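The primary structure of each chain is shown beneath.
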Amino acid sequence: MNMHTARAAFGFDTLKTILGIPVLAIRWDEAITLLTRLIDERRFTKVSFLNAHNANLACTDQVFAEALEDFLILPDGVGVDMAAKLLYGAPFPSNLNGTDFIPAFLQASSHPLTVALLGTTRANAEAASAKLSTLAMQHEFVVIHDGFFSAAEEPAILERIARLRPDVLLVAMGVPRQELWIERHIDSRHCTLPVAVGALLDFMSGSVPRAPLWLRRLRLEWLFRLWIEPGRLWRRYIVGNPLFLWRVVKQKLSLGPRPAEARR
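Residues numbered from 1 in each chain as written. Predicted model: local features only at pLDDT ≥ 70, side-chain atom pairs only at ≥ 80, totals over all residues. Heavy atoms only, no water.

A separate point is the overall build of the protein. For the protein, the count of helices and strands is 14 helices and 8 strands. Radius of gyration (C-alpha) of the protein: 18 Å, near the 18 Å computed for a compact globule of 264 residues. Expressed as lengths along the three principal axes of its C-alpha atoms, the size of the protein is roughly 50 × 45 × 35 Å. Looking at the protein residue by residue over its 264 residues, the buried ones come to 52%. Side-chain charges in the protein split into 30 positive and 26 negative, and the spacing between the mean points of these groups amounts to 6 Å. (Helix = DSSP H or I, 4+ residues; strand = E, 2+ residues; numbered from the N terminus. Rg over C-alpha atoms; globule rule 2.2 N^0.38 Å. Buried < 20%, exposed > 50% of the residue type's maximum accessible area, 1.4 Å probe, protein only. Lys, Arg positive; Asp, Glu negative; His and termini not counted. Charge placed at Lys NZ, Arg CZ, Asp CG, Glu CD.)

Because side chains alternate across strand E1 (residues 15–18), one face comprises the buried residues Leu 15 and Thr 17, and the other comprises Lys 16 and Ile 18, equally buried. Inspection of the sheet shows E1 paired to strand E2 (residues 21–24) by 4 bridges, in the antiparallel sense. Each bridged residue has a counterpart across the sheet, and for Lys 16 the counterpart in E2 is Val 23. The hairpin turn running from E1 into E2, its antiparallel successor, is 2 residues long, and Leu 19 in that turn takes a positive phi close to 50°. (Pairing = 2+ DSSP bridges.)

Counting across every chain of the model gives 14 salt bridges. Notably, a salt bridge pairs Arg 43 with Glu 41, separated by 2.7 Å at the nearest N-O pair. For Arg 43, a relative accessible area of 30% gives the class partly exposed. Taking the relative accessible area as the measure of exposure, Glu 41 reaches 38% and is therefore partly exposed. Salt-bridge contacts for Arg 216 lead to Asp 100; the nearest nitrogen and oxygen are separated by 3.9 Å. With Arg 216 in helix H11 (residues 213–217) and Asp 100 in helix H6 (residues 98–108), the pair connects residues that are 116 residues apart, well separated along the chain. Arg 216 sits in the partly exposed class, given a relative accessible area of 26%. Look at Asp 100 and you get partly exposed, because its relative accessible area is 27%. The structure contains a network of salt bridges with shared partners spanning Asp 100, Arg 210, Arg 216 and Glu 221. (Salt bridge = Lys/Arg side-chain N within 4 Å of Asp/Glu carboxyl O.)

Relative to the elements of secondary structure, Asp 81 occurs in helix H5 (residues 78–88). Those residues within four positions of Asp 81 in sequence are excluded, and the remaining contacts are Pro 91, Phe 92 and Arg 219. (Contact = heavy atoms within 4.5 Å.)

Bringing the environment of Leu 218 into the picture now. For Leu 218, the position within the fold is in the loop between H11 and helix H12 (221–228). Counting along the chain gives 125 residues from Leu 218 to Pro 93, while the straight-line C-alpha distance between them is 16 Å.

It is a general feature of regular strands that their side chains alternate between the two faces of the sheet. In terms of burial, strand E4 (residues 71–75) is a largely internal element, 5 of the 5 residues being buried. Of the two faces of E4, the one carrying Phe 71, Ile 73 and Pro 75 and the one carrying Leu 72 and Leu 74 are both buried.

Further remarks concern the packing of aromatic side chains. How two aromatic rings sit relative to each other is given by the distance of their centres and the angle of their planes. Scanning the entire structure with this criterion turns up 5 aromatic pairs. Between Trp 28 and Phe 101 the ring centres are 5.4 Å apart and the planes differ by 90°, which places this aromatic pair in the edge-to-face class. Placement of the pair is Trp 28 in helix H2 (residues 28–40) and Phe 101 in helix H6, with a sequence separation of 73 residues. Ring centres of Trp 222 and Tyr 237 lie 5.8 Å apart, and the angle between their planes is 50°; on these two criteria the pair is classed as tilted. With a gap of 15 residues between them, Trp 222 in helix H12 and Tyr 237 in helix H13 (residues 230–254) connect regions that are remote in the sequence. Residue Trp 222 is classed as partly exposed on the basis of its relative accessible area of 27%. An aromatic cluster is defined as three or more aromatic residues linked by ring pairs; in this entry it consists of Trp 28, Phe 101 and Phe 105. The positively charged end of Arg 177 is found above the aromatic ring belonging to Phe 149, 5.1 Å away from the centroid. Its end group placed over the ring of Phe 203, Arg 210 keeps NZ or CZ at 5.7 Å from the ring centre. (Phe/Tyr/Trp six-rings, centres within 6.5 Å; stacked < 30°, edge-to-face > 60°. Lys NZ or Arg CZ within 6 Å of the ring centre and 35° of its normal.)

Structure (structure tokens):
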């Protein structure tokens, strides 16, 4: 199920298109309801999140952009909120960043689920599984493999996922590898909800610190991440954020927000 099918099936008909990528504009509770219904009805749906960095990548990587067309996309971060406000006059109803939203969704899901973890290092995946188990004790968490596997190892990994057939498969391999891997390898035989979660498992493991809550509430978590990992992230934020906003301004000037895109 892609964005348009899910929207039609469940009545969440509001989209905001950011740099050509349709993003679902729904509240936090509505998003939890949507994912819960998808699982209950076993509707295979790929899920990802759009932030300024992903949007920039999609502008220059056509393969990645085409892969995202088959995902249900949720809004992540202050950048896409600024874009929505510029293009549509209002930000997204909720910041559904995966680091906060996915654990909250799992906590809110009362029916016991099987949740598989794939990606990051083995140690971080195991630590994240233990942490998630304490947050959402009703679910079973299973570590499939770390994210550092060869092409020769893929068939065994896919076979293990298919045997388990989890309700949720959390794939943490970084952008765009995780989305491309899901697109190329995962279908309804493997799970119901494959979710591209980026650094979620690293955060959950405690190996990568989160910004203090007050900084997150100021929408400045990106600044904290830049301070923690300047060598890896300076290009993403110092170069990428202004580039993203420039591209959004270009969208505004060349096309403007089209009502058919905002609500259809």
